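These are the residues of each chain, in order.
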Amino acid sequence: MATGTDLDELLRSLRVWAPERTKLPPLDPTTTPDTPLPLFTTWFAEAVAAGEPEPHVMSLATRDGDPASEGGGLPDVRMVMLHGADEEGWSFATHSTSRKGHQLKGFAYAALAFYWPRLGRQVRLRGPVLPATPTESQSDLHAHSTGALAAALTGHQSEPLSSLDELRQASEEAWELAQREPKTPAPSWTLYRVFPDEVEFFQGDALRRHVRLSYIRAERGWTKELLWP
């Protein structure tokens, strides 16, 4: 680990959206679709084409506990993988017994954020969360890699761990089972869908005239509005 690092000096040496690595496309709000999903799909495809290394990774924010209790209602955030986006919502998966699983059971509302720096773009959304059926959840799990199944079968997510040796042994057993029986279920593994009330598209601009376009769910479809950057 590096020692003697001057954090302030290091921060000042960094640039956001360096021209040699970043292309900032224009965003004309008048040409955007009436609903957010088509624009998200286009932006996601353009992030892949731009060479973003993990464009499907997003931050997931939840809230813990009862806000009326001491220490309750505090925010929590982590990085997760997008499992899909369609008219049913934006989906991710985790164990229902994990920290975020418990938080979503207590407060079924979440926020997601994508950041694609090579294009200077962010997408933020938030809304209620619902779990998929067990059948859908297991089908989603088995559509992914052997490693994903092994990780799910290892289990105990967010629980205290006594040692790395305990993790290694549990993981080895899970890998062996996943390879031998690739359709083995992981009962607590759950696919969740966020049904957004609001989706915001942020397009960075070199002169800091960033374009923020917000889609807000209304009784009859979506409305759009621009926000000051």
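Everything discussed here concerns the structure shown above.
All chains use their own residue numbering, which begins from 1 and follows the written sequence. At least 70 in pLDDT is required for a residue's local features to be given in this predicted model, at least 80 for side-chain atom pairs to be given and counted, and no such filter applies to totals for whole chains, interfaces and linings, which use all residues. For the side-chain quantities, the full set of heavy atoms in the structure was used; hydrogens and water were omitted.

Considering helix H3 (residues 99–106)
- We call a residue buried when its accessible area falls under 20% of the maximum for its residue type, exposed when it is over 50%, and partly exposed in between, using a 1.4 Å probe and counting protein chains only. By the criteria applied, helices consist of DSSP H or I runs no shorter than four residues and strands consist of E runs no shorter than two, each listed in order from the N terminus. Here H3 has its buried residues at Lys100, Gly101, Gln103 and Leu104. For H3, the buried positions fall inside an angular range of 165° around the axis, keeping them on one side. Exposed and oriented more than 90 degrees from the buried face of H3 are His102, Lys105 and Gly106.
- Buried residues in H3 make contact with strand E1 (57–63), strand E2 (75–81), strand E4 (89–95), strand E5 (109–116), strand E6 (121–131) and strand E7 (189–194). Our arc is simply the arc of the directions from the helix axis toward the C-beta atoms. By definition in these notes, contact holds between two residues if any of their heavy atoms fall within 4.5 Å.

A word on the environment of Ala170
- By the secondary structure assignment, Ala170 is in helix H6 (residues 164–180).
- The class for Ala170 is partly exposed, based on a relative accessible area of 25%.
- Taking the C-alpha atoms as reference points, Ala170 and His156, 14 residues apart in sequence, are found 9.8 Å from one another.

Notes on helix H5 (residues 146–154)
- Taken as a whole, H5 has its buried residues at Leu149, Ala150, Ala152 and Thr154.
- In the core, the buried residues of H5 are packed alongside E4, helix H4 (134–142), H6 and E7.
- Gly155, located one to two residues past H5, shows a positive phi value of around 65°.

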